[in-house]
Amino acid sequence: MATFGTLSDRLTETFRNLRTKGKLTAADVDGTVREIRRALLDADVALVVVKEFTAKVRERALGDEVNKALNPAQQVVQIVNEELVQILGGEQRRLQFAKTAPTVIMLAGLQGSGKTTFAGKLAKQLEGEGHTPLLVAADLQRPNAVNQLQVVAEQAGAAVYAPEPGNGVGDPVKVSREGVEYARRQQHDVVIIDTAGRLGVDAELMKQAADIRKAVDPDEVLFVIDAMIGQDAVNTAKAFQEGVDFTGVVLSKLDGDARGGAALSVASVTGRPIIFASTGERLEDLEPFHPDRMASRILDLGDILTLIEQAQQAFDEEEAMKMAEKLATEAFTLEDFLDQLQQMKKMGSMKKMLGMLPGMGQMKQQLEDFDEREIDRTEAIIRSMTPGERRNPKVLNGSRRLRIARGSGMTVTDVNQLVQRFEQAAKMMKTVARGGTPNIPGMGAVPGMGRPGASSKRGKKGKASKGSRSGNPAKRAAENAGITATSTPTGSGFGLGGGAGQAPSEADLAEIQKLFGKG
């Protein structure tokens with residue numbers, strides 16, 4: 001979602017200023033709408049779309065639904081969110097499959113928009129859903145386009161039909177027609193036709209695409225458009241709609257750093273829904289497009305539903321149940337921790353997942369500083385341990401930690417920190433598994449949970465207890481220790497327990513030493 005990063009920042013800042021006002025005047029609404037208009041225009045959203053969008057927002061913001069709201073600022077944010085959803089198409093639209101196989105999907109777009117890569121991504125996704133797609137190489141103009149499609153098909157585990165070498169040799173209309181017949185004979189239920197593109201819209205490109213459409217009568221014609229193309233996106237979309245027409249839009253390169261707001265205009269200007277969004281270079285980086293979820297991401301409201309869906313795809317339900325049982329019975333080991341890390345890697349980029357959480361737009365610098373390779377380093381350390389050491393980290397003495405550090409290419413300090421973090425994480429997860437609230441190091445009391453031990457810090461008159469003023473050093477130390485013991489809150493900063501009014505036990509102190517790698 002880097003493409004909409006600047007737009008998201010501008011809108012978030014606008015709403016932050018709005019939330020300081022208890023009641024909105026017409027001047028406040030006009031000022032907010034003006035900032036929204038500037039943000040959209042700076043993001044390359046088409047002028048006609050900006051005018052229509054801001055007019056609707058202003059009309060609704062000055063209406064009774066905001067005046068009667070308990071929190072007018074939040075109501076305006078909700079209005080902007082709803083109107084943004086409408087710009088993006090309103091409701092999600094899925095692929096339409098033919099009643100009689102094969103379903104024919106034709107791809108169209110300019111050269112460099114990402115058609116061939118998308119063909120592989122779509123084939124991989126359809127394979128995962130139980131379909132048997134066939135990729136047809138009908139781009140016979142671009143150098144090595146046929147070879148690229150063959151490589152992508154192999155990576156996706158899909159079949160490919162490429163009877164012509166390409167590089168200017170062969171008839172794309174004939175290849176497309178024969179490809180559909182081949183799929184019917186070989187019982188492929190989906191055909192994906194990769195057509196040629198040009199560096200710009202021209203009559204030859206349109207005629208060839210139109211001829212292919214007439215020859216194969218596709219069930220879906222998907223227009224693949226580069227999200228970083230700028231203001232020309234709308235003109236290109238209109239030209240393809242008039243010359244070939246299409247049933248749906250695919251936004252590619254949404255992980256780029258361009259302004260990308262022009263992509264927001266395509267659905268509104270053409271009246272065709274956005275069906276897919278390509279969010280990365282890997283074949284797995286393809287998402288069904290949900291207008292409501294994309295609007296939430298742009299407004300920094302998060303996208304928890306997509307995050308949950310990705311987790312469900314990556315995590316096995318049966319394995320999750322086993323892991324819950326291990327946590328409840330205190331049998332969670334570094335081997336289990338390694339399994340969890342590998343499951344997380346299947347979900348893709350950690351930065352991308354964290355960016356789906358609400359409010360993460362305000363932590364952009366922290367996200368940028370996050371090192372994806374940290375998971376690989378952690379995995380290397382654990383893999384350098386023996387099975388016995390993974391199951392029981394308490395046996396890790398100095399010499400073992402030195403061996404592990406050398407084996408993983410890390411330092412002893414890195415190994416100590418990993419063991420420390422693992423033990424803290426295991427304790428917190430066990431607490432949660434039992435229905436408790438974990439004590440997190442470095443954090444204060446959990447909001448709404450009260451301040452543990454606060455009442456024991458004050459005397460009968462409500463004044464805080466002071467230290468001993470005895471002139472005898474030994475007596476003063478003993479009295480101070482007594483005051484500390486009676487004021488110790490429930491649970492330590494490391495979640496090691498200890499009831500109210502109790503000093504840490506020898507076992508607790510030993511555990512703290514282990515956490516710092518001194519055990």
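Computed from a predicted structure; not experimentally measured. (Residues numbered from 1 in each chain as written. Predicted model: local features only at pLDDT ≥ 70, side-chain atom pairs only at ≥ 80, totals over all residues. Heavy atoms only, no water.)

Another point: the overall build of the protein chain. Per the secondary structure count, the protein chain includes 23 helices and eight strands. Here the protein chain holds 519 residues, and 42% of them are scored as buried. For the protein chain, contacts bridging at least 24 residues in sequence account for 71% of all contacts bridging at least 6. Accessible surface, the protein chain as shown: approximately 26,800 Å² in total, 50% of it carbon and sulfur. (Helix = DSSP H or I, 4+ residues; strand = E, 2+ residues; numbered from the N terminus. Buried < 20%, exposed > 50% of the residue type's maximum accessible area, 1.4 Å probe, protein only. Contact = heavy atoms within 4.5 Å. Areas by Shrake-Rupley, 256 points an atom, 1.4 Å probe, with all protein chains shown as cover.)

Okay, the sheet that holds strand β3 (residues 159-161) next. Pairing in this open sheet of eight strands is mixed, and the strands run β3-β2-β4-β1-β5-β6-β7-β8 from one edge to the other. Edge strands, defined here as strands with exactly one partner in the open sheet, are β3 and β8 (286-288). Averaged over all neighbouring strand pairs, the angle between strand axes comes to 25°, with direction disregarded. In the sheet, strand β6 (residues 248-252) pairs with strand β7 (residues 274-278) via three bridges, with the strands oriented parallel. The residue bridging V249 from the neighbouring strand is I274, located in β7. (Pairing = 2+ DSSP bridges. Axes fitted to C-alpha atoms, helices over the stretch in contact; angles between N-to-C directions.)

The next subject is the packing of helix α8 (residues 172-185) against helix α9 (residues 203-216). Where α8 contacts α9, the two axes come as close as 9 Å, and the packing angle between them is 25°. Between α8 and α9, the crossing angle belongs to the class labelled roughly parallel. Along this stretch, α8 crosses α9, giving a crossing that reads as right-handed. The residues of α9 that touch α8, namely those facing P172, V173, S176, R177 and V180, are Q208, D211, I212, A215 and V216. Residues belonging to the contact of α8 with α9 are distributed by class as follows: six nonpolar, two polar and two charged. (Parallel < 35°, antiparallel > 145°, perpendicular 65-115°, else oblique. Left-handed = near helix turned anticlockwise from the far one by under 90°. Nonpolar A, V, L, I, M, F, W, Y, C, P; charged D, E, K, R; others polar.)

Residues A101 and P102 are joined by a peptide bond in cis, for which omega reads 5°. Relative to the helices and strands, P102 is located in the loop between α5 (72-87) and β1 (103-108). We note that N144 has phi near 60°; this positive angle belongs to a residue other than glycine. Position of N144 relative to the elements: it lies in the loop between β2 (133-138) and α7 (145-156). The phi dihedral of D217 falls on the positive side, at around 45°, and the residue is not glycine. With respect to the helices, strands and loops of the structure, D217 is situated in the loop between α9 and β5 (220-226).

Let us look at the packing of aromatic side chains. This model, assessed by the stated rule, comprises four aromatic pairs. Residues F223 and F240 carry aromatic rings whose centres are separated by 4.9 Å and whose planes lie at 35° to one another, so their mutual orientation is tilted. Linking F223 in strand β5 with F240 in helix α10 (residues 232-243), this pair joins segments that are 17 residues apart in sequence. Take F240: its relative accessible area is 2%, and that puts it in the buried class. Members of the aromatic cluster, connected to one another through ring pairs, are F223, F240 and F246. (Phe/Tyr/Trp six-rings, centres within 6.5 Å; stacked < 30°, edge-to-face > 60°.)

Okay, the packing of helix α2 (residues 26-42) against helix α3 (residues 47-61) next. Angle between the axes and distance between the axes are the two parameters that describe a pair of packed helices. One way to put it is that α2 packs onto α3 with a least axis distance of 10 Å and a crossing angle of 160°. As the angle between them shows, α2 and α3 are arranged roughly antiparallel. Seen along the crossing, α2 lies across α3 with a hand that is right-handed. In contact with V29, D30, V33, I36, R37, L40 and L41 of α2, α3 contributes L47, V50, F53, T54, V57, R58 and A61. Taken together, the residues of the contact of α2 with α3 break down into 10 nonpolar, one polar and three charged.

Before going further, it helps to examine the pattern of salt bridges. One pass over the full model with this rule turns up 16 salt bridges. With its nearest N and O atoms 3.2 Å apart, the salt bridge here joins D245 to R272. With D245 in the loop between α10 and β6 and R272 in the loop between α11 (263-270) and β7, this pair connects stretches of sequence that are 27 residues apart. Residue R272 is classed as partly exposed on the basis of its relative accessible area, which comes to 24%. Overlapping salt bridges, with partners in common, bring together R60, E82 and E83 in one network. (Salt bridge = Lys/Arg side-chain N within 4 Å of Asp/Glu carboxyl O.)

To continue, consider α8. A rise of 1.5 Å per residue sets the reference length of α8, with its 14 residues, at 20 Å; its end C-alpha atoms lie 20 Å apart and thus fit the reference within 8%. Residues of α8 that are buried: P172, V173, V175, S176, G179, V180 and A183. Looking down the long axis of α8, one finds its buried residues gathered within 165° of arc, a one-sided arrangement. Among the structural elements, β1, β2, β3, β4 (190-195) and α9 are those in contact with the buried residues of α8. The distance from a side-chain oxygen at the start of α8 to the backbone nitrogen of V173 is 3.1 Å, and the residue carrying that oxygen is D171. (Expected span 1.5 Å × (residues − 1). Arc of directions from axis to C-beta. Polar contact = N/O pair within 3.5 Å; in protein donor to acceptor, adjacent residues only side chain to side chain.)

With respect to the element layout, P288 can be found in strand β8. For P288 and L95, which are 193 residues apart along the polypeptide, the C-alpha to C-alpha distance reads 9.5 Å. Sequence-distant contacts of P288, defined by excluding residues within four places in its chain, comprise Q92, I275 and F276.

Moving on to the environment of L95. Looking at the element boundaries, L95 is found in the loop between α5 and β1. Each C-alpha atom, one on L95 and one on F276, is 9.4 Å from the other, the two residues being 181 residues apart in sequence. If near-sequence neighbours (up to four positions away) are discounted, L95 is found in contact with I105, L122, L126, E220, L222, I275 and F276.

Within β6, five of the five residues are buried, which leaves it mostly tucked inside the rest of the structure. A two-sided burial pattern is seen for β6, the buried positions comprising G248, V250 and S252 on one face and V249 and L251 on the other. Sheet topology note: the β5/β6 ladder contains five bridges and is parallel. Bridge pairing links V224 to V250 in β6.

In terms of nonpolar packing, the biggest core is built from 94 residues, with F118, I192 and F240 touching the most fellow members. Sorting elements by how many residues they give to this core places α5 first, with eight residues. Leave out the neighbours within four places in its chain, and I192 touches I105, L107, A119, L122, A123, L126, P133, L134, L135 and V136. L338, A405, F422 and A426 belong to the second-largest nonpolar core, a separate cluster that totals 17 residues. (Core = buried A, V, L, I, M, F, W, Y, C linked by side-chain atoms within 4.5 Å.)

Distances and angles like these do not, on their own, reveal function.
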